[in-house]
Amino acid sequence: KSSAQAGGLDEDRLRRHVDDIREADARIDGIRLLAGSEVDILADGRLDYDDEILAMLDVVVASPHVALRQDPETATARLCAAARHPLVHIVGHPTGRLIPDRKGLEPDIERLVEAAIEGGTALEINANPWRLDLRDTHARVAIEAGCRLAIDTDAHRGEHLDFIRYGVLTARRAGARVGATGRRF
């Protein structure tokens, strides 16, 4: 909701969104529709929505979008808090970098991976070529520790779905070999 530049959802709009998804899911056979939201990790580590709202969602991706120049210790504590949050499923683009314009956060990746494992939370490989966040070196740390990864395209238009290849290539460089489906990358 705090990302006004992205048309952030207030609680009422998000509730209506969830209701619409539940209604469509009840009508459509053969697939399951999930209600989810990307939720901002605020500068102090709190999430943009309270737990009552988060509990309505099937998928919660918590991502940093503000205060992307925090010192490494503060950034690490902030991201670890989100990774350990019981209603967060994925920590999205943990550094918040934008290539080549924004360096982003420099968290202690080992500590973030540890927190994600403790919280049962996946770390995202954002396949958008302007993000590629997690980097392959960060993803390798996660893989070696047994942390789950989620690859997504950050698609804002249909043609962005093709970005998935960059996420898969990043995962391969990091040492990932088999996806959840058992298919080889």
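Residues numbered from 1 in each chain as written. Predicted model: local features only at pLDDT ≥ 70, side-chain atom pairs only at ≥ 80, totals over all residues. Heavy atoms only, no water.

Caption draft 1: Main features of the pattern of salt bridges. Across all of its chains, the model carries 13 salt bridges by this definition. The salt bridge involving Arg22 is made with Asp58; its shortest N-O contact spans 2.7 Å. Residue Arg22 is found in helix H1 (residues 11-27), and its partner Asp58 is found in the loop between helix H2 (51-54) and strand S2 (59-64); the two are separated by 36 residues along the sequence. Members of the salt-bridge network, linked through shared partners, are Asp12, Arg15 and Glu52. (Salt bridge = Lys/Arg side-chain N within 4 Å of Asp/Glu carboxyl O. Helix = DSSP H or I, 4+ residues; strand = E, 2+ residues; numbered from the N terminus.)

Caption draft 2: Helix H3 (residues 72-84), seen in detail. Over its 13 residues, H3 runs 18 Å from end to end, which matches the ideal 18 Å to within 8%, given 1.5 Å per residue. Here H3 has its buried residues at Ala75, Thr76, Arg78, Leu79, Cys80, Ala82 and Ala83. Where H3 is buried, its residues meet strand S1 (36-41), S2, strand S3 (90-91) and helix H4 (109-119). One side-chain oxygen at the N-terminal end of H3 lies 3.1 Å from the backbone nitrogen of Glu73; it belongs to Asp71. (Expected span 1.5 Å × (residues − 1). Buried < 20%, exposed > 50% of the residue type's maximum accessible area, 1.4 Å probe, protein only. Contact = heavy atoms within 4.5 Å. Polar contact = N/O pair within 3.5 Å; in protein donor to acceptor, adjacent residues only side chain to side chain.)

By themselves, these are just geometric observations and shouldn't be taken as functional.
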